[in-house]
Structure formats: structure tokens, C-alpha cells
Amino acid sequence: MACRQLWASRAASYLRISVFHRTFSTVLNNLKYADSHEWVKVDGNSATIGITDHAQDHLGDVVYVELPEVGAAVTQGDGFGAVESVKATSDINSPVSGKVVEINEELSNSPALVNSSPYENGWIIKVELSDNSELNKLMDSEQYSKFCEEEDSKH
Amino acid sequence: MSSVLGKAREGIVPLMKVVRLKGMSILDQLHLEERLLRTSSDNWCLINHGTNSPAIVMGLSGKLSELVETKSVLRDHIPIIRRFTGGGTVVVDNGTIFVTLICNKDAVPNVQPFPRPIMSWSGLLYGKVFEGLADFHLRENDYAFGDRKFGGNAQSITKNRWIHHTSFLWDYQVKNMSYLKLPSKAPKYRLTRDHTDFICRMKEHMPRSEFIERTIKAVGDEFSVSPVSLDSIDIDSVSEYVHTTRLLTEQEIREASILQT
């Protein structure tokens with residue numbers, strides 16, 4: 001068991017992943033996070049947005065993703081779409097403000113990508129940022145990991 | 001009562017406004033619920049005895065051709081509504097009782113704002129309603145007496161609030177159930193039972209007034225309940241809201257009907 005944990009933490013370090021043994025949710029170091037459990041990956045003025053592993057795990061099997069139109073405006077903290085899982089529709093809130101330039105059309109046929117690959121193939125929208133300074137209001141991976149741990153321990 | 005007193009000592013008993021409706025159309029009810037979820041900051045409990053005429057209500061992502069017998073629906077002019085919450089398809093009429101809970105997530109801090117914790121919390125609440133009177137169970141996502149469903153649930157979760165609403169089969173007409181197809185995704189506990197063997201009527205288990213009073217009492221164990229009239233809900237602030245819930249057009253139903261031939 002100890003060897004496996006040592007191997008896991010070395011592999012995690014190499015892959016730049018933080019692994020929480022309690023929740024088993026993955027948090028990636030190179031992303032920023034909102035307290036509503038969305039992640040954003042920034043590349044210059046472009047951002048890719050999805051929901052976190054913690055979120056997909058707590059939501060259950062995603063059966064439908066409601067996507068915005070390309071060209072729609074998004075505002076930091078406001079809803080832009082929804083996922084359906086179990087019997088619930090849950091808002092997806094944008095971690096940044098800007099304009100939608102691409103939506104992940106794969107999710108129409110394969111909504112479960114949000115569960116199986118929340119940070120890669122399950123990405124939801126790509127946005128042209130309108131205000132990079134908004135990123136300062138988001139959490140880094142360490143802050144987000146702690147946030148999730150605190151949320152889970154309260155319940 | 002003791003939990004309310006306990007919270008009162010801490011000064012944090014949240015208020016819940018209770019609105020009792022009779023025969024409000026389900027479309028109007030859903031529009032009201034969606035507006036209250038999105039534009040109000042209060043906690044609400046809506047109880048509606050029966051909708052004025054039969055209707056089919058699908059969840060947000062329901063596929064018409066897979067869920068509804070469209071030819072019968074077109075023949076009998078049954079309205080089909082797509083609601084803003086998730087979940088399955090129900091046929092509702094004047095024998096349905098609707099109970100809706102709209103909460104700020106901070107008003108129920110021991111419940112994480114995700115589908116399964118909210119569903120479990122609701123199961124505990126209704127467990128109190130039926131305690132000593134009926135063999136109540138939360139089975140997967142349904143309310144059942146024994147293994148027979150009498151209540152179907154759906155939810156919508158926003159950043160800081162959530163809604164959990166239930167359609168209860170107080171009574172139903174078998175012919176109305178025939179508008180629904182057997183869904184491809186059925187709960188496991190249903191096994192292969194057809195509709196009439198799977199569901200049951202609440203009226204065979206308790207009087208309606210007792211169900212309503214016990215529900216309000218169970219809500220009162222966690223909230224400070226305040227009855228309000230529909231008229232007192234501020235209409236001006238909600239009149240410009242654009243709803244997701246909508247009535248499907250006859251054309252949409254005809255197009256689905258073609259897929260079923």
C-alpha cells in the first residue's frame with residue numbers, strides 16, 4: 001500500500017496532478033478554478049472552460065449538456081449552459097467574461113465525456129477573454145483542492 | 001420542533017413562504033417556479049392540488065418520439081410541456097398533487113447543492129410525513145409505498161439556489177397513463193412491470209388534507225413557515241422573465257409522430 005502511494009505521488013508530481021486520497025478528485029496544477037466548480041485553461045487571450053472532476057463526481061452520470069450559441073457573451077459568475085444528471089439540471093457558470101468562440105459539439109452525442117474526461121475531451125466552451133484581470137479572482141489548484149476538502153468535510 | 005428551537009437559539013431559522021394553490025395549470029405553475037428560482041431570494045414551498053386539464057410534462061432533455069405516444073396525443077389534443085428541470089416524463093391531471101421546494105443553498109447548509117444530497121434530504125422530509133402511516137421509501141429517485149411509485153421528482157440547481165419538485169399521484173386515470181411509452185431508462189426496482197403494476201394511488205393510503213398538513217409540518221421542522229397568497233407575489237418584477245419551460249407546438253409533435261411510424 002505504501003509503495004503504491006509513493007508511486008502514485010511520484011507519478012502525480014511528474015504529470016503535474018494533485019491527487020486527494022480522501023475524495024479521489026483530480027485537480028490539475030495549470031488551471032484556475034471557480035467556487036462553483038468550473039475550471040479555466042488560459043492561453044493568451046483564449047480560454048477553455050469545463051467542470052471539474054469534483055463536480056462531475058458529485059453530479060453523477062451526465063446525460064445531456066445544454067450549450068450556448070457561438071458568439072454568445074459570457075460573464076464571470078453567470079450561467080451559460082447546463083448539465084443534466086440524475087433528475088437534475090445544474091447550471092454551468094462561467095469563470096471568466098468574454099465571447100464564446102467554440103462549443104464542444106461532441107457533447108451532444110457523448111455527454112458522458114464530462115464524466116470520463118472532465119479536463120480534456122469533456123471541455124465545454126472556448127472563450128475569447130474580455131478582461132484577463134478577472135483571473136485574479138479565481139483559485140489556483142492548491143486553493144481549490146482545499147476548498148473541495150472543506151466543502152466535503154462540512155457534509 | 002426541537003431542531004427549529006435549536007436553530008432559533010442560534011438566530012438562524014430560515015423563513016419559508018408557503019403558497020397553496022388549487023387547480024393552477026401546470027404550465028403556469030412551472031413558469032412561476034422558474035421565475036421564483038431565478039429571480040427571488042426567498043425560500044418557497046408551493047402546493048398545488050391538481051392541474052385544470054391533463055397534460056404531459058417532459059424533462060429538459062426528453063426526446064418526444066421516445067417518450068410519448070404522439071398519435072394518441074395529437075388525436076386527443078393533449079398539451080405537452082418541456083419543463084426547466086431534469087428527469088422523466090409524467091402525465092398530470094386534476095388527480096395530481098404538486099409539492100415544490102425552492103431553497104437557498106445556505107438555508108439548508110447540511111445539504112450539498114448536488115442532485116443526490118438534495119434527493120436524500122427530501123427523502124428524510126417525506127419520511128416524516130408518512131411516518132407511522134404508510135410504508136414509505138425513497139427508491140432510487142422515486143417516492144414509493146412498498147415498491148409502488150406514487151411520486152416522481154425533478155430538480156434544477158443554480159449557483160446559490162435549488163428547486164426540488166414532486167408530482168404526487170393522488171389519483172390517476174389509467175387511460176391517461178397510456179399516453180406515455182415505456183421509457184428506455186427505467187429505475188431498476190421497476191423490473192419489467194407495466195405502468196399499472198408499478199404505480200399506486202396516494203388516496204388509498206391517507207386523506208389529502210392530512211398529507212398536506214403533515215407536509216407543511218415536516219417543512220416547519222426545518223424552516224419558519226409563513227403562508228402567503230399567490231396575489232402577494234410581486235408580479236411586476238417577474239413579468240419580463242424569459243422562461244425555459246414551454247409548450248411544444250403541434251408541428252413538433254407531428255414531426256415526432258413521423259419518427260414513430
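Structure first, text after, so check above.
Every chain's residues receive numbers from 1 upward, in the order its sequence appears when written. Working convention: letters from A go to chains and numbers from 1 go to ligands, in the order in which they are written. A pLDDT threshold of at least 70 governs which residues receive local features in this predicted model, and a stricter bar of 80 or more applies before side-chain atom pairs are shown or counted, although totals over entire chains, interfaces and linings include all residues. Side-chain figures throughout are based on the complete set of non-hydrogen atoms in the structure, without hydrogens or water.

A.B. asks: Go over the sheet that holds strand β10 (residues 98–103) of chain A with me, naming the residues and quoting the values.
C.D. replies: Residue and element names in this part refer to chain A. Strand pairing is defined by DSSP finding a minimum of two bridges between the two strands. Think of it this way: any DSSP run of H or I at least four residues long counts as a helix, any run of E at least two long counts as a strand, and we number them from the N terminus. Read across the sheet, six strands follow the order β3-β4-β5-β11-β10-β7 without closing on themselves; strand pairing throughout is antiparallel. Two strands in the sheet have a free side with no partner beyond their single neighbour: β3 (32–33) and β7 (73–74). Taken together, the four bridges between strand β5 (residues 46–51) and strand β11 (residues 125–129) define a ladder with antiparallel strand orientation. Paired with Ala47 across the two strands is Val127, which belongs to β11.

A.B. asks: Give me the lowdown on the side chain of Asp152 of chain A, citing residues and values where you can.
C.D. replies: Summarising the element assignment, Asp152 of chain A is placed in helix α5 (residues 141–154). A 1.4 Å probe rolled over the protein chains alone gives each residue an accessible area, and that area as a share of the maximum for its type sets the label: buried under 20%, exposed over 50%, partly exposed in between. Asp152 of chain A gets classed as buried once you look at its relative accessible area, which sits at 12%. A distance of 2.9 Å separates a polar atom in the side chain of Asp152 of chain A from a polar atom in the side chain of Gln112 of chain B. Between N or O atoms, a polar contact is any pair within 3.5 Å; within protein, one atom must be a potential hydrogen donor and the other a potential acceptor, and residues adjacent in sequence are included only when both atoms are from side chains.

A.B. asks: Report on the sheet that holds strand β4 (residues 80–82) of chain B, specifying residues and quantitative values.
C.D. replies: Residue and element names in this part refer to chain B. Read from one edge of the open sheet, four strands run β5-β3-β4-β12, paired in mixed fashion. The open sheet terminates on both sides in strands that have one partner only, identified here as β5 (90–92) and β12 (246–247). Strand direction decides the pairing type here: strand β3 (residues 55–58) and β4, joined by three bridges, are parallel. Across the sheet, the residue bridging to Ile56 is Ile80, located in β4.

A.B. asks: Talk me through the interface of chain A and chain B; I want residue IDs and the actual numbers.
C.D. replies: Residue contacts are counted whenever heavy atoms from the two residues lie within 4.5 Å of one another. Contacts between chain A and chain B engage 23 residues on the former and 25 residues on the latter. Buried area is calculated as the accessible area (1.4 Å probe) missing from two parts once they are joined, with the contributions of both summed. Interface area, chain A with chain B, both sides summed: about 2,000 Å², of which 53% is carbon and sulfur. A per-residue breakdown of the area chain A buries against chain B is headed by Lys87, Thr89 and His155 of chain A, which together make up 35% of the total. One speaks of a salt bridge when a side-chain nitrogen belonging to Lys or Arg is within 4 Å of a carboxyl oxygen belonging to Asp or Glu. The interface formed by chain A and chain B includes one salt bridge. We note a salt bridge from Asp91 of chain A to Arg38 of chain B, for which the minimum N-O separation is 2.7 Å. Linking chain A with chain B are 14 residue pairs in polar contact (both at pLDDT 80 or more), by the criterion used here. Mapped by element, the contributors of at least two residues to the side of chain A that touches chain B are α2 (53–59), β6 (62–66), β8 (79–85), β9 (88–93) and α5 of chain A. Considering every element that reaches the side of chain A that touches chain B, the biggest residue donor is β9 of chain A, with five residues. Only Asp, Glu, Lys and Arg are considered charged, only Ala, Val, Leu, Ile, Met, Phe, Trp, Tyr, Cys and Pro nonpolar, and every remaining residue, Gly among them, polar. Per-class residue counts for the side of chain A that touches chain B are six nonpolar, ten polar and seven charged.

A.B. asks: Break down the packing of helix α5 (residues 115–130) of chain B against helix α8 (residues 208–220) of chain B for me, with residues and values.
C.D. replies: All names here are of chain B. Interaxial angle, 0 to 180 degrees, is taken between N-to-C directions of lines fitted to C-alpha atoms, where a helix line uses only the stretch in contact. Contact geometry for α5 and α8: axes closest at 9 Å, N-to-C directions at 130°. As summarised for this structure, α5 and α8 are arranged oblique, according to the angle between their axes. Remark: the crossing between α5 and α8 carries right-handed chirality. Every residue of α8 that contacts α5 at Leu125, Tyr126, Lys128, Val129 and Phe130 is listed here: Phe211, Arg214, Thr215, Ala218 and Val219. Its residues placed into classes, the contact of α5 with α8 shows seven nonpolar, one polar and two charged. Under this scheme an angle from 65 to 115 degrees is roughly perpendicular, one under 35 degrees roughly parallel, and one over 145 degrees roughly antiparallel; angles in between are oblique. Left-handed describes a crossing whose near helix is turned anticlockwise from the far helix through less than a right angle; right-handed describes the clockwise counterpart.

A.B. asks: Which residues make up unusual backbone geometry, and what values go with them?
C.D. replies: Even without glycine at this site, His37 of chain A takes up a positive phi of about 70°. For His37 of chain A, a relative accessible area of 5% translates into the label buried. A positive phi angle is found at Glu140 of chain B, which is not glycine, with a value near 55°. In this structure, Glu140 of chain B sits in the loop between β7 (136–139) and β8 (142–145). Its relative accessible area of 40% is what places Glu140 of chain B among the partly exposed residues.

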